Amino acid sequence: MNLPAPAEVLPHRSPFLFVDEIRAVVPGESAVGTWQLTGEEAFFEGHFPGRPTLPGVLICEAIAQVGALAVLTDERYQGKLPLFGGLDKARFRRQVLPGDTLRIEVRMTRLSARAGKGEGRATVDGDLAATCELMFVIVDAD
């Protein structure tokens, strides 16, 4: 299967597009993506000086972006935009550092014409970095 570039599916753009590559997608069901952290990202300078660490909230945003890939590759949602509605059970298990590659997996647990829920996890070299549950609403992209 030929997978699109994230920017071909997601409305996000630099500096807020956190998914570098789509590894797998089952439209409307699940997606897997990666984010390669170079260390040049601006947030590392201030979070934290001398000990750069990826902010947990940005891991959750990356999980949400991969979830949006699962939704937006489903032809039922062409011309739509999934917007964050909530975040539950966010847990952070390890630091994510410059040079790490974050592997992000999201599975939709509920998806309707107007809203949905999903579960996501982010790992580095197979080690669990973060998990969370996402809730989102689906609106017209215009």
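What counts, and where the lines are drawn
Residues numbered from 1 in each chain as written. Predicted model: local features only at pLDDT ≥ 70, side-chain atom pairs only at ≥ 80, totals over all residues. Heavy atoms only, no water. Pairing = 2+ DSSP bridges. Helix = DSSP H or I, 4+ residues; strand = E, 2+ residues; numbered from the N terminus. Axes fitted to C-alpha atoms, helices over the stretch in contact; angles between N-to-C directions. Phe/Tyr/Trp six-rings, centres within 6.5 Å; stacked < 30°, edge-to-face > 60°. Buried < 20%, exposed > 50% of the residue type's maximum accessible area, 1.4 Å probe, protein only. Contact = heavy atoms within 4.5 Å.

**Q** What's the story with the sheet that holds strand 4 (residues 101-111) in this structure? I'm lost.
**A** Backbone-to-backbone hydrogen bonds pair the strands of a sheet. The strands run either parallel or antiparallel. Taking strand neighbours across the sheet as the criterion, the six strands line up as 1-2-4-5-6-3 in an open arrangement whose pairing is antiparallel. Edge positions in the open sheet fall to strand 1 (21-26) and strand 3 (80-92), since each of these has one partner strand only. Averaged over neighbouring strand pairs, the angle between their axes works out to 20° when direction is ignored. In this sheet, strand 2 (residues 30-36) lies alongside strand 1 in antiparallel orientation, the contact comprising five bridges. Bridging across to strand 2, V25 finds its partner in A31.

**Q** Sorry, what's going on with the packing of aromatic side chains here?
**A** Centre distance and the angle of the planes are the two values used to describe a pair of aromatic rings. The final tally for this structure, using the stated rule, is four aromatic pairs. Ring plane angle 50° and centroid distance 4.8 Å describe the contact between F16 and F18, whose orientation is recorded as tilted. The interplanar angle of 70° and the centroid separation of 6.3 Å between the aromatic rings of W35 and F43 together place this pair among those described as edge-to-face. The buried category is assigned to W35, whose relative accessible area is 4%. An aromatic cluster is present here, built from F16, F18, W35, F43 and F44 joined pairwise through their rings.

**Q** Help me understand the side chain of T123 in this model?
**A** One can find T123 in strand 5 (residues 115-124). Residues within four places of T123 in sequence aside, it is in contact with T101, L102, R103, L128 and A129.

**Q** Whenever I open this one, unusual backbone geometry confuses me. Can you help?
**A** Note: most peptide bonds trans; most residues except glycine with negative phi. For the peptide bond that leads from S14 to P15, omega is 10°, which places it in the cis range. Mapped onto the fold, P15 is located in the loop between helix 1 (6-9) and strand 1. The omega torsion across H47 and F48 is 5°, close enough to zero to call that bond cis. Despite not being glycine, K89 has its phi angle at roughly 55°, a positive value. With respect to the helices and strands, the residue K89 is situated in strand 3. In this model, D125 sits at a positive phi of 50°, which is unusual for a non-glycine residue. With respect to the helices and strands, the residue D125 is situated in the loop between strand 5 and strand 6 (127-140).

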